[in-house]
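# Breakdown of the fold
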Amino acid sequence: MRRLFPLPAPPVPAPDLDGSGTAAPDPTDREWTLDEVAEAYAYPAADDPARSGRPGWLRANMVSSLDGAAHHDGRSQPLSGAADMRIFGVLRGLADAVVVGAETVRQEGYRPGRAREAFAARRAAAGQGPAPAIAVVTAGLGLDFTLPLFTEPLVPTVVLTGAAAPADRVAEARAAGAEVLFAGEGLGVDPARVAGVLAGRGHHRLLTEGGPRLLGQLAAADALDEMCLSLAPVVALGDAARIMNGPAVAVPERFTLASVLEEAGFLFTRYRRS
């Protein structure tokens, strides 16, 4: 992996111990450690001006083909690769909670967040639990509460819904061990309230993995703080959705490029809200 932006500092030559005058190989194009990737994707500090007035920090992580497809045959995995999956794991390892739409939970077969030894000390120092909570956004709670996502989590799975959600399904979710939070007055969730509701439960470092409909709703509600987009060197064709699929905005919101990494032809970009 190598950093393309911001431009890396020139490599430092190895000490010329044998008098050969041979410089060390360029260290910028190599496999990064998990700690290095984690530092590259660290959440902004609580006192960062970019977080002023925001209840937390909501970043999205999505992968797209060269022709703009967000998935192939309904799943994102065919677009991914080893480096993309490594970054995927790091972003989860840094998050308090992973926000995901109910349809994506069903299509991708979501499982609970897992504890990883590589992130144990970092999470403990940050006051985080052993694994991120999975927060499922749903209106009708059409979920299978017998799945491991609800029966086997290290930390309780969160169900985000509206106050008018079916009472029997809310009761069933709670009986299965899920924590049901209301983030809207009607049947569904108000995307502008998601970060605030989760912050009220101590989840300030938020990650969303979509799908495209949820991500579009969050972006349209000005709730998205950061976009981590992996551009895969593949062409998928077909009629797959873009990474965001939502209502049009009156004026396109501009984001600022924060970093670009590259490995095996994949570009890993990170944009922050201006």
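For the structure, check the block above.
### Description of the pairing of strand β5 (residues 158-161)
- Side chains V158 and L160 of β5 all project onto a buried face; the interleaved residues V159 and T161 project onto the opposite face, where all are buried too.
- With three bridges joining them, strand β4 (residues 133-137) and β5 adopt parallel strand pairing. When the sheet's bridge partners are listed, A135 is paired in β5 with V158.
- Handedness of the crossover joining β5 and strand β6 (residues 179-182) through helix α6 (residues 167-175) is recorded here as right-handed.

### Some details on the side chain of T157
- With respect to the helices and strands, T157 occurs in the loop between α5 (148-151) and β5.
- The class of T157 is buried, set by a relative accessible area of 2%.

### Remarks on unusual backbone geometry
- Going from F5 to P6, the amide bond is cis rather than trans, its omega being -5°.
- Assignment of secondary structure puts P6 in the loop between β1 (2-5) and α1 (34-40).
- Positive phi outside glycine occurs at L237, with the angle close to 55°.
- Counting through the fold element by element, L237 comes out in the loop between β8 (226-231) and β9 (255-263).
- In this structure, A264 takes a positive phi of about 50° despite not being glycine.

### Here we look at the nonpolar core
- The biggest cluster of nonpolar side chains holds 43 residues, and the ones touching the most others in it are Y41, V136 and F268.
- The element that contributes the greatest number of residues to this core is helix α2 (residues 82-94), accounting for five residues.
- Apart from the residues within four sequence positions on either side, Y41 is in contact with R59, I87, L91, L94, C228, L261, F268 and R270.
- Membership of the second largest hydrophobic core comes to 26 residues, among which are V99, A183, L198 and L206.

### Focus: the environment of R30
- The residue R30 is located in the loop between β1 and α1 in this model.
- Ignoring anything within four residues of it in the chain, the contact list for R30 reads M1 and E36.

### What about the packing of aromatic side chains?
- For the structure on display, the rule yields two aromatic pairs.
- Relative to F150, the ring of F145 lies with its centre 4.9 Å away and its plane at 75°, an arrangement referred to as edge-to-face.
- Given a relative accessible area of 6%, F145 falls into the buried group.
- Assessed through its relative accessible area of 4%, F150 is described here as buried.
- The residue whose ring lies beneath R59 is Y43, and the NZ or CZ to ring-centre distance is 4.1 Å.
- The residue whose ring lies beneath R270 is Y41, and the NZ or CZ to ring-centre distance is 6.0 Å.

### Structural notes on the pattern of salt bridges
- Going through the model one piece at a time under the given rule, you end up with 19 salt bridges.
- One salt bridge in this structure joins E262 and R2, with 2.8 Å as the shortest N-O distance. Remark: R2 occurs in strand β1 and E262 occurs in strand β9; sequence separation between them is 260 residues.
- A residue is classified by how much of its surface remains accessible, and E262, at 13% relative accessible area, is buried.
- Of the residues examined, R2 reaches a relative accessible area of 34% and is grouped as partly exposed.
- A salt bridge links R122 to E39; the nearest nitrogen and oxygen atoms lie 3.2 Å apart. Of this pair, R122 sits in helix α4 (residues 117-125) while E39 sits in helix α1, and the two are 83 residues apart along the sequence.
- The network of salt bridges with common partners includes R54, D222, D225 and R273.

### Examining α6
- Among the residues of α6, those classed as buried are R169, V170 and A173. Buried residues of α6, viewed axially, fall in a sector of 105°; they line one side. Pointing more than 90 degrees away from the buried face of α6 are the exposed residues A167, D168 and A175.
- Among the structural elements, β6 are those in contact with the buried residues of α6.

### Structural notes on the sheet that holds β9
- One open sheet accounts for ten strands, arranged β1-β9-β10-β8-β2-β7-β3-β4-β5-β6; its pairing is mixed. Single-partner strands in this sheet number two, and they are β1 and β6. Ignoring strand direction, the axes of neighbouring strands in this sheet form an average angle of 25°.
- As defined by bridge partners, strand β2 (residues 57-64) adjoins strand β7 (residues 205-208) across four bridges and the pair is classed as parallel. Of the residues in β7, the one forming a bridge with W57 is R205.
- Across the sheet, helix α8 (residues 212-220) lies against β2, β3 (97-101), β4, β7 and β8, angled at about 140° from β2, the strand it touches most.

Basis of the calculations
- Residues numbered from 1 in each chain as written.
- Predicted model: local features only at pLDDT ≥ 70, side-chain atom pairs only at ≥ 80, totals over all residues.
- Heavy atoms only, no water.
- Buried < 20%, exposed > 50% of the residue type's maximum accessible area, 1.4 Å probe, protein only.
- Helix = DSSP H or I, 4+ residues; strand = E, 2+ residues; numbered from the N terminus.
- Pairing = 2+ DSSP bridges.
- Right-handed = clockwise from strand over helix to strand, strands pointing away.
- Core = buried A, V, L, I, M, F, W, Y, C linked by side-chain atoms within 4.5 Å.
- Contact = heavy atoms within 4.5 Å.
- Phe/Tyr/Trp six-rings, centres within 6.5 Å; stacked < 30°, edge-to-face > 60°.
- Lys NZ or Arg CZ within 6 Å of the ring centre and 35° of its normal.
- Salt bridge = Lys/Arg side-chain N within 4 Å of Asp/Glu carboxyl O.
- Arc of directions from axis to C-beta.
- Axes fitted to C-alpha atoms, helices over the stretch in contact; angles between N-to-C directions.

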